[in-house]
Structure formats: structure tokens, C-alpha cells
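The residues making up each chain are set out below.
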Amino acid sequence: MNPFPRSRLQNLATGAASRQSAAIFSAFCLTPFALQSGALPRRRSGILTSLPRPAISVLAVLLGIAAAALAQPFTPRIGYVYPAGGRQGTTFQIAVGGQYLDSVTNVFVSGRGVRGVVVDFNKPMSQGQFNMLRDKLKELQDKRAAAFKNTRKRGARPSTNLWTAADEKMVADIREKILKNPPNRNAVPAIAETATIKVTLAPDAEPGDRDLRLGTPSGLSNPLRFCVGQWPEFSKPVAKAANPDADRFRERFGRQVRSAPTNSEMRVSLPATVNGQIMPGSVDRFRFAARKGQRLVVAASARTLIPYLPDAVPGWFQATLALFDAKGRELAYDDDYRFNPDPVLFYEIPADGDYVIEIKDSIYRGRQDFVYRVTVGELPFVTSIFPLGGKAGAETPVELKGWNLPVTTLTPESKTTEPGLQLLSVRKDERVSNLVPFAVDTLPECLEKEPNNAQGSAQKLSLPVLINGRIELSGDWDVFRFEGRAGDAIVAEVHARRLGSPLDSVLKLTDATGQQLALNDDHEDKGSGLNTHHADSLLNATLPADGTYYLHVGDTQRKGGAEYAYRLRLSAPRPDFELRVVPSSLSVRGGTSVPLTVYALRKDGFSNEIALVLKDAPDGFTLSGARVPANQDQVRLTLTAPATTQAEPASLVLEGRASSQGGAIVHPAVPAEDMMQAFAYRHLVPAKELEVAVIGRWTGRSAVRILGATPLKIPAGGTARIGVGMPANNFLGKLHLELSEPPEGITIKDVAPMGRGTEIVLQSDATKAKPGLTGNLIVYAFAGNAPDAGKAKAQPNRRRAPLGALPAIPFEIVRQP
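So, how was this worked out
- Note on numbering: residues in each chain are counted from 1, in written sequence order.
- This being a predicted model, a pLDDT of at least 70 is required before a residue's local features are given, and a value of 80 or more before pairs of side-chain atoms are given or counted; all residues contribute to the totals for chains, interfaces and linings.
- To obtain the side-chain values, all non-hydrogen atoms of the structure were included, while hydrogens and water were left out.
- Working definition: helices are DSSP H or I runs of at least four residues, strands are E runs of at least two. Numbering for both runs from the N terminus.
- Burial classes: relative accessible area under 20% of the type maximum marks a residue as buried, over 50% as exposed, and values in between as partly exposed (1.4 Å probe, protein chains only).
- Residue contacts are counted whenever heavy atoms from the two residues lie within 4.5 Å of one another.
- Surface exposure here means Shrake-Rupley accessible area, sampled with a 1.4 Å probe, where a residue is shielded only by the protein chains that are shown.
- To define axes, lines are fitted to C-alpha atoms, for helices over the stretch in contact only, and angles between the resulting N-to-C directions are given on a 0 to 180 degree scale.
- Angular relationships are summarised with four words: roughly parallel below 35 degrees, roughly antiparallel beyond 145, roughly perpendicular across 65 to 115, and oblique for the angles in between.
- The sense of a crossing depends on the near helix, which, turned anticlockwise from the far helix by less than a right angle, makes the crossing left-handed and, turned clockwise, makes it right-handed.
- Nine residue types can take part in a nonpolar core, namely buried Ala, Val, Leu, Ile, Met, Phe, Trp, Tyr and Cys, and a core is a set of them joined through side-chain atoms within 4.5 Å.
- Here the expected span of a helix is defined as 1.5 Å times the quantity of residues minus one.
- DSSP bridges decide pairing: two strands pair if at least two such bridges lie between them.
- An arc is given here, and it is the one of the directions from the helix axis to the C-beta atoms.
- Side-chain rings of Phe, Tyr and Trp (the six-membered ring for Trp) are treated as a pair once their centres are within 6.5 Å; stacked means planes under 30 degrees apart, edge-to-face means over 60, and tilted covers the remaining angles.
- The criterion is that NZ of a Lys, or CZ of an Arg, lies within 6 Å of the ring centre and within 35 degrees of the ring normal, and then a charge sits over that ring.
- Here a salt bridge means any side-chain nitrogen of Lys or Arg lying within 4 Å of a carboxyl oxygen belonging to Asp or Glu.
- Polar contact is the term for a pair of N or O atoms within 3.5 Å; when the atoms are in protein, one must be able to donate a hydrogen and the other to accept it, and sequence-neighboring residues count only if both atoms are side-chain atoms.
- Every residue gets a pLDDT, meaning the predictor's confidence in that residue, from 0 to 100.

> How would you sum up the overall build of the chain? Please name residues and give values.
A tally of helices and strands in the chain yields four helices and 60 strands. Residue burial in the chain is summarised as follows: out of 817 residues, 52% are buried. Long-range pairs, those at least 24 residues apart, make up 74% of the contacts in the chain with a sequence separation of at least 6. In the form shown here, the chain has an accessible surface area of approximately 36,700 Å², with 50% of it arising from carbon and sulfur atoms.

> Break down the packing of helix α2 (residues 127-149) against helix α3 (residues 165-180) for me, with residues and values.
Where α2 meets α3, the axes come as close as 10 Å, and the angle between the chain directions of the two elements is 150°. Taken together, α2 and α3 sit at an angle that is classed as roughly antiparallel. In terms of crossing hand, the pair formed by α2 and α3 is left-handed. Contacts from Phe130, Leu133, Lys136, Leu137, Leu140, Gln141, Lys143 and Arg144 of α2 reach α3 at Asp167, Glu168, Met170, Val171, Ile174, Arg175, Lys177 and Ile178.

> Give a detailed account of the nonpolar core, specifying residues and quantitative values.
Judged by nonpolar contacts, the single largest core of 37 residues is most densely connected at Phe288, Leu321, Leu323 and Val374. Put simply, the parts of the chain that give this core at least two residues each are β3 (77-82), β15 (284-290), β16 (295-301), β17 (319-325), β19 (344-348), β20 (353-361) and β21 (371-377). Per element, the largest residue contribution to this core is four residues, and it comes from β21. Residue contacts for Val374: discarding those within four places in its chain leaves Ala272, Thr273, Val274, Phe286, Val298, Ala299, Ala300, Leu321 and Ile359. In terms of nonpolar packing, the next biggest core, distinct from the first, is built from 29 residues, Val581, Val594, Ala669 and Val694 among them.

> Quick one: what's the story with α2, residue by residue and with numbers?
Count 3.6 residues to each turn of an α-helix, and residues three or four apart come out pointing the same way. If you check α2, its first and last C-alpha atoms are 32 Å apart, about what 23 residues at 1.5 Å a residue would give, namely 33 Å. Buried residues of α2: Phe130, Leu133, Leu137, Leu140 and Ala147, and no others.

> Account for the environment of Arg558, with residues named and values stated.
Structurally, Arg558 can be placed in the loop between β38 (547-555) and β39 (565-571). Separated by 82 residues in sequence, Arg558 and Asp476 place their C-alpha atoms 7.2 Å apart. In this structure Arg558 touches Ser474, Gly475 and Trp477, once residues within four positions along its chain are discounted.

> Pulling in residues and values, what's your account of the sheet that holds strand β22 (residues 381-386)?
Spatial strand order, β22-β24-β25: three strands in an open sheet with antiparallel pairing. The sheet is open, and its two edges are formed by β22 and β25 (409-410), each paired on a single side.

> Break down α3 for me, citing the residues and quoting the values.
With 16 residues, α3 extends 22 Å from end C-alpha to end C-alpha; this agrees with the ideal 22 Å at 1.5 Å per step. Those residues of α3 not exposed but buried are Asp167, Val171, Ile174, Ile178 and Leu179. On an axial view of α3, the arc spanned by its buried residues comes to 130°, and they lie on one face. Seen from the open side of α3, the exposed residues pointing more than 90 degrees away from its buried face are Ala165, Ala166, Lys169 and Lys177.

> Go over the pairing of strand β33 (residues 477-484) with me, naming the residues and quoting the values.
As judged from the two bridges shared by strand β31 (residues 459-460) and β33, these two strands associate in the parallel manner. By the bridge assignment, Gln459 is partnered in β33 with Phe480. Bridging between β33 and β38 involves eight bridges; their strand directions are antiparallel. Each residue of the ladder has a partner; that of Val479, found in β38, is His552.

> So what about the packing of aromatic side chains? Which residues, and what values?
Counted under the stated rule, the structure contains ten aromatic pairs. Between the aromatic rings of Phe74 and Tyr100, the centroid separation amounts to 4.6 Å while the plane-to-plane angle is 10°, which identifies the pairing as stacked. Highlighted residues: Phe74 in the loop between α1 (53-62) and β3 and Tyr100 in the loop between β5 (91-99) and β6 (106-112), separated in sequence by 26 residues. You can call Phe74 partly exposed: its relative accessible area is 25%. Given a relative accessible area of 8%, Tyr100 falls into the buried group. A centroid spacing of 6.3 Å and a plane angle of 25° characterise the contact between Phe288 and Tyr355, whose relative ring orientation is stacked. Taken as a pair, Phe288 in strand β15 and Tyr355 in strand β20 lie far apart in primary sequence, 67 residues in all. As far as the burial class goes, Phe288 and Tyr355 line up, both buried. Connected via pairs of aromatic rings, a cluster forms that spans Tyr337, Phe346, Phe381 and Trp403. A cation over a ring is seen here: Arg470 above Phe386, with NZ or CZ 4.0 Å from the ring centre.

> So what about the sheet that holds strand β23 (residues 389-391)? Which residues, and what values?
With mixed pairing, three strands are arranged side by side in an open sheet as β23-β29-β26. With partners counted over all chains shown, the strands left at the sheet margins are β23 and β26 (420-424), one partner each. For this sheet the average axis-to-axis angle between neighbouring strands, irrespective of direction, equals 30°.

> How would you sum up unusual backbone geometry? Please name residues and give values.
Here Tyr82 and Pro83 are connected by a cis peptide whose omega angle stands at -15°. Structurally, Pro83 is set in the loop between β3 and β4 (85-87). One non-glycine residue, Ser103, adopts positive backbone phi at about 60°. By the element assignment, Ser103 lies in the loop between β5 and β6. Residue Ala678 is not a glycine yet carries a positive backbone phi of 50°.

> Before we move on, could you go through the environment of Phe621 and cite the residues and values that matter?
On the secondary structure map, Phe621 appears in the loop between β43 (610-614) and β44 (622-624). We classify Phe621 as buried; its relative accessible area is 7%. The spatial distance from the C-alpha of Phe621 to the C-alpha of Gly591 is 9.2 Å, given a sequence separation of 30 residues. Apart from residues no more than four positions distant in its own chain, Phe621 is found in contact with Leu614, Leu639, Thr640, Ala641, Pro642, Ala650, Leu652, Val692 and Val694.

> Hey, could you go over the pattern of salt bridges for me, with residue numbers and the actual values?
Taken as a whole and judged by the stated rule, the model has 40 salt bridges. Across the pair Arg427 and Glu430 runs a salt bridge whose closest N-O atoms are separated by 4.0 Å. Overall, the relative accessible area of 42% leaves Arg427 in the partly exposed class. On the basis of relative accessibility, which here comes to 56%, the residue Glu430 falls in the exposed class. Notably, a salt bridge pairs Glu493 with Arg569, separated by 3.0 Å at the nearest N-O pair. Highlighted residues: Glu493 in strand β34 (residues 489-495) and Arg569 in strand β39, separated in sequence by 76 residues. Each member of the pair Glu493 and Arg569 is classed as buried.

> Explain the side chain of Ser587 to me, using residue names and the numbers behind them.
Turning to its location among the elements, Ser587 is positioned in strand β41 (residues 585-588). Exposure remark for Ser587: the relative accessible area of 17% places this residue in the buried category. A distance of 2.6 Å separates a polar side-chain atom of Ser587 from the backbone nitrogen of Leu220. Setting aside residues up to four positions removed in sequence, Ser587 forms contacts with Thr75, Ser218, Gly219, Leu220, Val594, Ala693 and Ile695.

> Tell me about the confidence of the model for the chain, and name the residues and values.
For the chain, per-residue confidence averages 85 on the pLDDT scale, and residues scoring 70 or more make up 82% of the total. Counted against residues more than four places away or in other chains, residues 256-261, with its pLDDT under 50, gives three contacts. pLDDT under 50 marks residues 727-733. Its contacts with residues more than four places away, or in other chains, come to 24 contacts.

Given below as C-alpha cells:
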């Protein structure tokens, strides 16, 4: 029985320090990038109003903003976890680096079997804080000097009226504060703050990857990968950010400075998982003893821990692995595993003795978020399977290839009758291998049969069909023949790279004479957020005439082998969709609303509207604007939380429902993070859960609501009015309402009190907002920074406090009556 419930790590310590200023970081292809939480949206249109006090107060109470909350507009962000995992049945400490982590209170880990406490928090003090402490210390030093000034005898003590034990203690405290968290001009703000957490893993905690989040009074952080392992663990000490001023501070305030070595070597015993952080220019090595004949697998995790870095090229920690013998001769080297940036070495030990593993960044970059885990030993490791999938509801024998496997075939359990992915693994002495994807579909399936290398020997098919095949030789082509009629629409799609195959596919459609009708090499699948080379092919074509057609499958790089497997779908279009909901962590005050974005990944021409619903959600959670309009790929909507505070984050499930070709389509919305790669590229990276933290509450009896029919009909070139219901109360005197990322041409014209509520007047520009445009309007409210009488602009030195978002307002642009 699992002794630990769903993970919640209680805090024993709080932290308080101001935000660190921007830092300078110079390393290869690495520059500072302060990750913003996204709590404050980009604004394009708004109106600042001076409403009567009752009207303003009711909206402020509606949004439930306590004065204390106005001082913390940023939600926490985390940039690394180190070590990024641990062994079942152990207790250890981890460091979590991030930004806006002040007063961190909780840690939440998906799954069961993890618990712990936050034991410390560190944040480099600002220059202003340092100056205040320095001045206070100077004041105390002057006071002490004055107290001793009239003391003539050696060893005599000053009068306790002039210098007390409390003064002496204050001097020691100030020195300790400066030495613990000195200012750091080189700290990267996004990872400058550190929470230290004591973690305990239950002996029966399920091995594998989890999502870890931090909780503070201002919200819930983004998730990062945390691993539950099965092997003995070894960890280097937590790396510290380079601080050119640290030596000066420590010398001045009485502590010797000892710089950590750039390169280090650690002794480990196999099997083992080694944890480390790569700093600029550093190389980590660990030494172990091995016996002749051992078949070692050395598997690194770096990019899988932190998929994308926004401020580094190529956009992740590019680890390299090398294996050396005791004399320093290189025996094996790898800088990736096929198309996966994380390297894996396979090596059979030739003789008893010591061996050394070396890990570094490929171009010697580094900082605290260059975190790695390297597992080495006679590990079970699956290198390929065939076929890559099977029919839903059927038993499909799967051939396994790899190292140290206890079996060579596996028959996956038929867990579902719906299309999707299963993750397969094998166990050796209760140790679990790496996971490999296995696709499940409802179409008829067949195996590719050789010889089928040319049109003359093409394999005959009946549509629709899924073919499981291999490009077994370099330069090989697999050719398939099928009959079609004029006007038939066909889709040919390869799943290979997305299922772990190294195949870089190419598809070519020809007619009976050999004339090429269509060709495709790569097709981007935005649902495959961890792939940066979308090597799978997708081909759409309309057949020009009745007759015989040929589909050719090959590898673009003319490579081949037993592991170059594929699944090829050949069928009429199957309109469908997938959904991603961003972000996967939401923070909202009880009774108010928070925006989120749902992306619709449309397939095979699917264009219908998709309704969004909460599935089995706790009472009080509701969606506004819950639909993806027809022909649109994304929508921003809002989630409204219950008015009462929740003890723990709520795990919500969004579901999309639509119809196509007379049938219903229902799919879950997969939680995801919108991550930036190398300053420019963005990816939807899946998370395990959609977590919502309800922080605080407001004084109203019920959540705010939109008054009136929706979607709001806005005439092109005209105006429309919508009411917002709210209770009356006194609070603030000035209010600013702004549209967040509205469609071009839609603005707020006016805001006015309306009985016990507030009325918003929306206006459209007929030249930009055309009839037929639909979607949701997201409205944010701010307090303060209003212009003084007679002045046209708000004074920049006056602060505006974010109050929150209203429920989404669905709209439609219509023609003028």
C-alpha cells in the first residue's frame, strides 16, 4: 500500500527579497533572458475611466483583490530542478531555481509516492538592499568605535550603555545576510532564486517521469520534469552562479573564498545514476570499475529534463558522452541518439578494470539549468520495435531489439478500442527499461511484403489500410499499388519519427505511366512538441482519373536498416482534431476568471466548430467562451474559479466535442506549455496534468457573470453594449479596462455604471473587423494610474494594480442593419 498521498510538500521557511535586476551572462551562444510569468497580458486597446466610487468599488470587489495581493503581480516560474530525480525509498534534497519564488510554500508532484518540505529559500539581494545593510553596518561600527574610544586599559570593555550584546548580534546578522545572498551582477534573473526542498520517495513509488511545480502565495509555477529512478544515485554539489563580486564581499566580511573546480571526477559503483550540472567550460567525469563481458548502456538525460532554453542556441543543453579506459584512450563517443539530442552509448567491456565516463556541453556552454542525469550499467534498453503499432482491440506480437533485454517479443495488452498511443517497456529483475511508443488505430492493417521495390513488383492494397513496413536497405523503396476513381481524395501519412524510428521519410504518388502526381518530404505536426525536425511525410491528392496508382515510400537520406520502421496510412480523408490547452498551470483568485488558450490541431480538412467542456470538474469551476469557432486554429477563453479558497490545486480535464461526417468526435485537451527555443521558435510541450491553484478569495457571494445574450453581435463599423453583473461595495476610485490581444479593429469605446453593474461599450472598425469574424474578447481590469484633471495621459510614475480578468465575452461581427 502506498504510504504517501498525492504529493504536497509543506514549507518550513519563507523568503523575502526584492527582484534581482537584469544580469550579464557571457558564454558561447548564451545570453540573459528573464522569463516572464505572463501574468500581465500584452495590451492593444483600452479605456481609462473615472467612474463614480460605487461603480468602481463593485468591480474591484467583484475581482476579489485584497490590497496585499496587489503587490505580487507575478506568478512563480521555475527554470531547473537539481538533482532532477532520485531513487525509490530514499530521502534527499533538491534545489529548484526560478523567479518570483518569494515565500514559496508548497511543492506539488504529479502521481503518488513523493513527499517533503521546503527547508530554505535564497535570493540574491538587490544593490539597494546591500547598500542599506552596508550603511547600517557602518553605523554600528562607528557606534562601537565610539564606545571603545575612552577605554584606555588593554582588554577593557566599553560601557554597556554604549555598546550592547544586541548590537554585537546585529553586526553578526548583517554580515551573515550579506555572505549568504550577496548581490550578483551576473545572475540570470530567470533562475537566480533557489528553493531547497527535502524530498522523500516511497519504496513503491512508480518509476518514471513526473511533473513538479512550486506553489507560492501569488500562484502556481510551470511544471518541470522530475524522475523517480530505481538505481543507486550519485550527485555533485549544487552549482552556484558565477559572481565576480563574491570574493570581495567574503573578504570584506570575514570569510575565506574557495572556488569550485571547473572540472571534477567522481567515483561511482555500477549500476548508478549520476546527477550533475554543467557550468561554462566545465567537463564532468566519473570513474567506475567494470568486468569483461559486461554489456553497458550509458544513457544521458539532459534535453528531456528541460526541453527548450529560450536564450541558448540550439535551444537546449546539447550533452556529449565519451567513454575512456584507465589509460585515457577514448573507446566510444556520442553526441545524440539517432535524432534525439540526448546521447546513449552501448559498449561491451573488453577487460576488467577502471573506466571513465565524460559528459560536457558540445560547445562548452553551461549554467545552473544545464542539468543532467546519466544512468550507466547493464540496463535493459529497447532500441527498436516492429511493428510500430497495431489495431485497437487486437493482440499484436511485437518484435523487440536492444541491449540486456529479458525477452525478444512482447504482446501489448489491448487497453483501448480508440486510436492513440501506448508506451511499452520490459522489466529485467524488476528494473524497467526505457519507454517506447506503440500506435493504436481502428483501420485494417497489413505488413509490407518484399519484393516491392519498383512499380512492377508493387504490393497491392485495398483502401483504407495501415501498412507496417521497414526500409531495410540503404536506398530501398517500398512501392504499393491501389485502384482509384476520378475525383477520389486520398491521404497518405507516415508515422515513423514520431514513433521513435530514425526514418526520414519521403512519399511520392505516381500514375500507371510513372508520372509523378504528388510528393512530400516533411510535414510539421504541432502536436509533436518535442520534435524539431518533423521528418514524417503527409501527402494529400485528388485522383485525376479512374485507374491504377502507385505510392512510393523511401528514406530522404537513402539510409535503411531493421530499425527504419514506419506505419503508413492510406485512406480517404478522416477529418479529426487534437487539442492542446496552454498553460498547464493556472493561478486564479477565488470567484474570478483567468484566461487560457486552446489550440485546435485540425487534420484531414476538419473545419467544424469544437465545443469545449470541463469533464468531472469540482463544483464552482466554469468556462466562458468555451468553443473553438469553425475554421479557426485557436481560441482564448476563461476559466472561473469557485469563490472559496482550495487547499490544493485542482486537476481539471478539458474535453473537445464536435461532429463530422455524421459522427461524434470527442478528444481530451492535452495540457501543454508554450515554450520558446533559441529566441525565436515556439513549441507546445505536453504536460501530465492541468493544475489550477485558487489563491485567496473575494468577498462576493458568487462569481462575476456576463449579463446579456452571447455571442455579442457587434455591427461592422458600429457599437454594441454588454453588462457585467457585480455586487456593490466601496473600494477604489479609478478603473482601467483593457482588451487583451483583441482582433484588429475591435476596441473599448466607453465604460459606465449600470444599476448594480457595469456596462462596456465595444466598437468595431468596418475596414478591419469584417462581418463573420467570431471569437472571444478577454477584458482585463487595472486600478490606479489615472490621468489628473486636464491631463491627457496617465503619469508614468504612477503604478497600476492588475485586478484580473472578466469572463470571456463571445462575439460576432455582423452587418449593419
